[in-house]
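# Working through the structure, step by step
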Amino acid sequence: MPTKSKPLPLIILARDPSNRVQMESEQLCQFLRGREGLNVLSVATSDASLLDLRHEAELAVVIGGDGAILRACREFGSHQIPILGVNLGRLGFLADLSPHEFRSSVETIESRDFRVVEHLMFECQHHKEDGTIDTYLGLNETALLSGASLQMIDVRLNINDEHVTTFSGDGLIISTPVGSTAHSLSAGGPILRQDLQAFVVTPICPHTLTVRPVIDDADATYELLVPRSVEGVMLVVDGQIKVPFRTGDRAIIRKAGVRFQLARIPGHSFYGTLHRKLGWTGQPRYRVDG
């Protein structure tokens, strides 16, 4: 007789306090705990730390939206584990399974038949004028934004210690391929396949019409400065970490030493997600009344 594999150990993160997320979390937990092929190690519905349990879990199920996944992989730090997202948010490029689809795929999860795709993460070092350095791990993007200053700013970009140009506008985004469908896309940037090894430089509302987004190597080092910063200019990481950025500060962005691990169920792919989320159904059909 074939040897029966041990139950898949997993952790569940449902830390959005909204009634919708908490009710779905309770129902999913009850459903999963009734499965012999799964071992639910713990459920986090608040900011309680799950860091110690990462070393025991083979999978993290994140209930919510892409923002919840961004937060989770940043907190996982140097010990990333595969993340499977159950989407209760809006678009959900990372959390692309509905609760119904998740339940329908539970046998696939139990048998470990999901695919794990690794994606580029970045490290952003904020070198402050006073000599202190804050380091952030991220998945989507680093952005320098004019923010509450309500005025155009100049952002100087250096790549591998070579001065590229100074962008004038509302800010600048350095995005990973995963982040190319987030803030960068809304600012006019291109869509990159999520498993590519590259960064996208996307200016926000540039004052010069000839300025366009640029794609460059993931092994390059990107440095951002604001020669004349004003009150309200912000350094933003993944839309969740927001800190003031002053004259004399530098932001250095480079590839992180860890990779985000996204668990994909068979039948779910990058282009399939784009097709569903962006409405890529071909040319619209118009009814012509004769």
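These remarks concern the structure in this document. (Residues numbered from 1 in each chain as written. Predicted model: local features only at pLDDT ≥ 70, side-chain atom pairs only at ≥ 80, totals over all residues. Heavy atoms only, no water.)

## Concerning the overall build of the protein chain
When you go through the protein chain residue by residue, the secondary structure sums to six helices and 16 strands. Seen along its three principal axes, the alpha-carbon backbone of the protein chain occupies a region of about 70 × 70 × 35 Å. A burial count over the protein chain gives 48% of its 290 residues as buried. Within the protein chain, residue pairs in contact and separated by at least 24 positions form 68% of the contacts whose partners lie at least 6 positions apart. With an accessible surface of roughly 14,600 Å², the protein chain has 50% of that area assigned to carbon and sulfur atoms. Taking the average place of the 29 positive charges on the side chains of the protein chain and the average place of its 34 negative ones, the gap between the two points comes to 5 Å. (Helix = DSSP H or I, 4+ residues; strand = E, 2+ residues; numbered from the N terminus. Buried < 20%, exposed > 50% of the residue type's maximum accessible area, 1.4 Å probe, protein only. Contact = heavy atoms within 4.5 Å. Areas by Shrake-Rupley, 256 points an atom, 1.4 Å probe, with all protein chains shown as cover. Lys, Arg positive; Asp, Glu negative; His and termini not counted. Charge placed at Lys NZ, Arg CZ, Asp CG, Glu CD.)

## Comments concerning the sheet that holds strand 7 (residues 141–145)
Neighbouring strands of a sheet are bound in pairs by backbone hydrogen bonds; such pairs are parallel or else antiparallel. Spatial ordering of the open sheet is given by 12-11-10-7-14-15, a layout of six strands whose pairing is antiparallel. What marks the edges here is a single partner per strand, and that holds for strand 12 (214–217) and strand 15 (241–244). With direction set aside, neighbouring strand axes in the sheet form an average angle of 15°. In the sheet, strand 7 pairs with strand 10 (residues 171–175) via five bridges, with the strands oriented antiparallel. Within strand 10, the residue paired with T142 across the bridge is I174. (Pairing = 2+ DSSP bridges. Axes fitted to C-alpha atoms, helices over the stretch in contact; angles between N-to-C directions.)

## Concerning the packing of aromatic side chains
On inspection of all chains with the given rule, the structure shows two aromatic pairs. Note that R103 overlies the ring of F31, its terminal NZ or CZ placed 5.8 Å from the centroid. (Phe/Tyr/Trp six-rings, centres within 6.5 Å; stacked < 30°, edge-to-face > 60°. Lys NZ or Arg CZ within 6 Å of the ring centre and 35° of its normal.)

## Digging into the nonpolar core
L157, I174, F199, Y222, L224 and I253 are the most contacted members of the largest nonpolar core, which totals 27 residues. Looking at this core, the elements that each hand over two or more residues are strand 5 (115–127), strand 8 (153–159), strand 10, strand 11 (198–204), strand 13 (222–225), strand 14 (234–237), strand 15 and strand 16 (250–264). Broken down by element, the residue count for this core peaks at four residues, all from strand 8. Sequence-distant contacts of I174, defined by excluding residues within four places in its chain, comprise N140, E141, T142, L157, F199, V200, V201, Y222, L224 and I253. One finds L8, L10, L59 and I265 within the second-largest nonpolar core, a separate group that totals 23 residues. (Core = buried A, V, L, I, M, F, W, Y, C linked by side-chain atoms within 4.5 Å.)

## What to know about the state of the cysteines
What makes a disulfide is a covalent bond joining the sulfur atoms belonging to two cysteines. Within the structure shown, the criterion is met by zero disulfides. Residue C73 stays outside any disulfide, its sulfur separated by 15 Å from that of C124, the closest cysteine. (Disulfide = S-S within 2.5 Å.)

## Some points on the layout of surface pockets
What the largest pocket holds in volume is close to 360 Å³. Lining the largest pocket are 14 residues, with D66, G67, R90, L91 and G92 positioned closest to its centre. Taken together, the residues of the lining of the largest pocket break down into five nonpolar, seven polar and two charged. What the second largest pocket holds in volume is close to 230 Å³. Here the residues of the lining of the second largest pocket are counted per class, giving seven nonpolar, six polar and four charged. (1 Å grid on protein atoms, 1.4 Å probe; cavity = no way out; pocket = protein on both sides within 12 Å on 5 of 7 lines; lining within 4 Å. Points joined across faces, edges and corners; volume = space filled by probe spheres on them. Nonpolar A, V, L, I, M, F, W, Y, C, P; charged D, E, K, R; others polar.)

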